Amino acid sequence: MELHEPELREVPVTAVLAALADDARLQIVRTLSEGGEHACGTFELGITKATRSHHLKVLREAGLTRTRVAGTSRYVRLRREELDRLYPGLLAAVLAAPR
């Protein structure tokens, strides 16, 4: 299965900011910023599976994450290096903000 993952330089900065403006998505990004891949089902957000999937899709389509499909599992990681290169300091500022 092929997932739509745009080149980050093709995504308007407003789409990146909008994706980061939601508390659940920000929590996902904070978890991913700790490094490595995380299975999609491991995010404990207190929301339904469908809502979690929606938030992960928004992050992917905004260029913030990459998703690897392995059988029936999906693993997500933050595109940290690309984000830092294209938008220097943005992710660090967002992650440093009080929770």
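Rules and cut-offs
- Residues numbered from 1 in each chain as written.
- Predicted model: local features only at pLDDT ≥ 70, side-chain atom pairs only at ≥ 80, totals over all residues.
- Heavy atoms only, no water.
- 1 Å grid on protein atoms, 1.4 Å probe; cavity = no way out; pocket = protein on both sides within 12 Å on 5 of 7 lines; lining within 4 Å.
- Points joined across faces, edges and corners; volume = space filled by probe spheres on them.
- Helix = DSSP H or I, 4+ residues; strand = E, 2+ residues; numbered from the N terminus.
- Nonpolar A, V, L, I, M, F, W, Y, C, P; charged D, E, K, R; others polar.
- Pairing = 2+ DSSP bridges.
- Core = buried A, V, L, I, M, F, W, Y, C linked by side-chain atoms within 4.5 Å.
- Buried < 20%, exposed > 50% of the residue type's maximum accessible area, 1.4 Å probe, protein only.
- Contact = heavy atoms within 4.5 Å.
- Axes fitted to C-alpha atoms, helices over the stretch in contact; angles between N-to-C directions.
- Parallel < 35°, antiparallel > 145°, perpendicular 65-115°, else oblique.
- Left-handed = near helix turned anticlockwise from the far one by under 90°.

Undergrad: Could you give an account of the layout of surface pockets, with specific residues and numbers?
TA: Put simply, the largest pocket is a space of about 240 Å³. Lining the largest pocket are 14 residues, and of these C40, G41, S53, L56 and R74 sit closest to its centre. Broken down by secondary-structure element, the contributors of at least two residues to the lining of the largest pocket are α3 (49-61) and β3 (73-78). At six residues, α3 tops the list of elements feeding residues into the lining of the largest pocket. Of the residues belonging to the lining of the largest pocket, the class tally is four nonpolar, five polar and five charged.

Undergrad: Lay out the pairing of β3 in plain terms, naming residues and giving numbers.
TA: In this sheet, β3 lies alongside strand β1 (residues 38-39) in antiparallel orientation, the contact comprising two bridges. What sits directly across from H38, in β3, is V76. By the bridge criterion, six bridges tie strand β2 (residues 65-70) to β3 in an arrangement that is antiparallel. When the sheet's bridge partners are listed, V69 is paired in β3 with R74. The antiparallel hairpin formed by β2 and β3 contains two residues in its connecting segment, where G71 sits at a positive phi of about 65 degrees.

Undergrad: Lay out the nonpolar core in plain terms, naming residues and giving numbers.
TA: Considering soluble globular proteins, one finds that nonpolar side chains tend to be buried as a cluster. In this structure, V16, I28, L64 and L83 are the most contacted members of the largest nonpolar core, which totals 23 residues. When residues of this core are traced back to their parent elements, those giving at least two are α1 (13-20), α2 (23-32), α3, β3 and α5 (90-96). For this core, the element with the most residues is α2, which contributes four residues. Not counting residues up to four positions away in its chain, the partners in contact with L64 are V16, A19, L20, L59, R77, L78, R79 and L83.

Undergrad: Provide a residue-level description of the packing of α2 against α3, including the pertinent values.
TA: Interhelical geometry of α2 versus α3 gives an angle of 70 degrees and a closest axis separation of 10 Å. As the angle between them shows, α2 and α3 are arranged roughly perpendicular. The two elements α2 and α3 meet at a crossing, and its hand is right-handed. Residues A24, R25, I28 and V29 of α2 form the contact with α3, whose participating residues are H54, H55, L56, V58 and L59. In the contact of α2 with α3, the residues fall into six nonpolar, two polar and one charged.

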